[in-house]
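Observations on the model geometry
Each chain, written out:
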Amino acid sequence: MALLSSLADRALGAVATYREDVATARRRDPASLGPVAIALTSPGLHAIWVHRLAHRLWTRGAKVPALVIAQGARSVTGVEIHPGAQIGRRFFIDHGMGVVIGETSEVGDDVMLYHGVTLGGRSMERVKRHPTVGDHVTIGAGARVLGPVELGDGAQVGANAVVVKDVPAHATAVGVPATLQRGAAHPEELIDPAIWI
Ligand SMILES: CC(C)(COP(=O)(O)OP(=O)(O)OC[C@H]1O[C@@H](n2cnc3c(N)ncnc32)[C@H](O)[C@@H]1OP(=O)(O)O)[C@@H](O)C(=O)NCCC(=O)NCCS
C-alpha cells in the first residue's frame, strides 16, 4: 500500500512538473501555438526532460547510462547538458541548438537561455569549474560564461558576451570580455524573442 501511494505521489509530481514546464515554455515563447504543439516541437523542453532523467541516474551512481541518455538527447536536440549539472525549476532554452552546460554547473529557478549558450569550464581540474547561475537570469544567444563565476539573481548576459567574472544581481553584462552595462532592461522585458528575431 505504501509503495502504491509513493508511486501515485511520484506520478502526480511528474504531471505537475510537466504542466509547469509547458506553461513556462508558452509564457517564454509567444509564437507557440498551444500546449500540445510546444510539447511536441520544443527542443528546449525535450532537453530538460531528458536531463532530469539523466541527472537522477547520475546521482544514483548509474553514470554510464546517464551519459548515454544525455548524448542521445544531444543528438536529437542539439543541446548538451552534462548529467551532473544541477538545474532548477521552470528552466527554458529557446531554439535549443548549440547549448552546452558543463558538469559542475548550478542553475537556479526561472532561468532562460537562448541558442548557442555555453556554461563552460576554464580548468582541467576535477573541481567546481563551471558557472553558478542565480534565479531569474537570462543569457543571450551565443554567450559564453566560463569558469566557476557567479551570475546573481536577475542578471542578464547579452548576446555573444564572454563572461569570465562574477555578474552582480540584476546587472547586465555585455561584450568580450564582458563588462557591466548601465540602465539595462528588466529581465521580464526579455521574454518575447520576437523582439530580436
Ligand atoms: C544585453 C541586452 C539584454 C541589453 O538590452 P537593453 O538593456 O535593452 O540594451 P539596449 O538595447 O538599450 O542597449 C544598450 C547599449 O548596450 C549595447 N548592447 C546591447 N546588447 C549588446 C550585446 N549583446 N553586446 C554588446 N553590446 C550590446 C547597445 O548597443 C547599447 O550601446 P550604446 O549605449 O552605446 O548605444 C540585449 O541587447 C541582449 O543582448 N539580449 C539578448 C537577446 C538574444 O539573445 N536574443 C536571441 C533571440 S533568438
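Look up a bit, the structure's there.
Quick summary incoming for the structure in this document.

Thresholds, definitions, all that
- Residues numbered from 1 in each chain as written.
- Predicted model: local features only at pLDDT ≥ 70, side-chain atom pairs only at ≥ 80, totals over all residues.
- Heavy atoms only, no water.
- Salt bridge = Lys/Arg side-chain N within 4 Å of Asp/Glu carboxyl O.
- Buried < 20%, exposed > 50% of the residue type's maximum accessible area, 1.4 Å probe, protein only.
- Helix = DSSP H or I, 4+ residues; strand = E, 2+ residues; numbered from the N terminus.
- Core = buried A, V, L, I, M, F, W, Y, C linked by side-chain atoms within 4.5 Å.
- Contact = heavy atoms within 4.5 Å.
- Phe/Tyr/Trp six-rings, centres within 6.5 Å; stacked < 30°, edge-to-face > 60°.
- Lys NZ or Arg CZ within 6 Å of the ring centre and 35° of its normal.
- Axes fitted to C-alpha atoms, helices over the stretch in contact; angles between N-to-C directions.
- Parallel < 35°, antiparallel > 145°, perpendicular 65-115°, else oblique.
- Left-handed = near helix turned anticlockwise from the far one by under 90°.
- Nonpolar A, V, L, I, M, F, W, Y, C, P; charged D, E, K, R; others polar.
- Pairing = 2+ DSSP bridges.
- Polar contact = N/O pair within 3.5 Å; in protein donor to acceptor, adjacent residues only side chain to side chain.
- 1 Å grid on protein atoms, 1.4 Å probe; cavity = no way out; pocket = protein on both sides within 12 Å on 5 of 7 lines; lining within 4 Å.
- Points joined across faces, edges and corners; volume = space filled by probe spheres on them.

Quick look at the pattern of salt bridges now. In total, this model carries seven salt bridges according to the counting rule given. For Arg74, the salt bridge goes to Glu80, with nearest N and O atoms at 2.5 Å. For Arg74, a relative accessible area of 39% puts it in the partly exposed group. Its relative accessible area of 27% is what places Glu80 among the partly exposed residues. For Arg90, the salt bridge goes to Asp110, with nearest N and O atoms at 2.6 Å. Taken as a pair, Arg90 in the loop between β2 (86-87) and β3 (92-94) and Asp110 in the loop between β5 (106-107) and β6 (112-114) lie far apart in primary sequence, 20 residues in all. With relative accessibility at 8%, the residue Asp110 sits in the buried group.

A few words on the nonpolar core. Formed by 29 residues in total, the largest nonpolar core has its most connected members in Phe91, Ile101, Leu113, Leu119, Ile139, Leu151 and Val163. Mapped onto this core, the elements with two or more residues apiece are α3 (43-59), β1 (79-81) and β4 (99-101). Beyond its immediate sequence surroundings of up to four residues, Phe91 is in contact with Ile48, Ile101, Val107, Val111 and Leu113. Counting residues in each nonpolar core, the second largest holds eight residues, with Val22, Phe92, Met112 and Tyr114 among its members.

This next bit is on the packing of aromatic side chains. Overall, the coordinates contain one aromatic pair when judged by the stated rule. Looking at Lys63, its charged tip hangs above the ring of Trp58, at a distance of 4.6 Å from the centre.

Attention now goes to the packing of helix α1 (residues 2-28) against α3. Describing two packed helices takes the angle between their axes plus the distance from one axis to the other. Across the interface, α1 lies against α3 with an axial gap of 11 Å and an inter-helix angle of 150°. As summarised for this structure, α1 and α3 are arranged roughly antiparallel, according to the angle between their axes. For the pair α1 and α3, the sense of crossing is right-handed. Contact with α1, carried on its side by Thr17, Tyr18, Asp21, Val22 and Ala25, involves Leu45, Trp49 and Arg52 of α3 and no other residues of that element. A class-by-class count of the residues in the contact of α1 with α3 yields five nonpolar, one polar and two charged.

This brings us to the sheet that holds β2. Strand order in the open sheet made by the four strands is β2-β5-β8-β11, with parallel pairing throughout. Only two strands of the sheet have a single neighbouring strand rather than two, namely β2 and β11 (150-151). Both β5 and strand β8 (residues 132-133) contribute to a ladder of two bridges, which runs parallel. Note on β8: the bridge partner recorded for Val107 is Val133.

In this section: the environment of Ser105. Looking at the element boundaries, Ser105 is found in the loop between β4 and β5. Placed 23 residues apart in sequence, Ser105 and Lys128 show a C-alpha to C-alpha distance of 7.9 Å. Within the structure, Ser105 has its side chain in polar contact with the backbone oxygen of Gly102 (distance 3.0 Å).

Throughout the structure, instances matching the rule amount to one cavity of 30 Å³ or more. When its volume is computed, the largest cavity comes out at roughly 50 Å³. Together, Ala47, Val50, His51, Ala54, Ala70, Ala73, Val79 and Ile81 line the largest cavity. Those elements that place two or more of their residues in the lining of the largest cavity are α3, α4 (63-77) and β1. Residue composition of the lining of the largest cavity, grouped by class: seven nonpolar, one polar and no charged.

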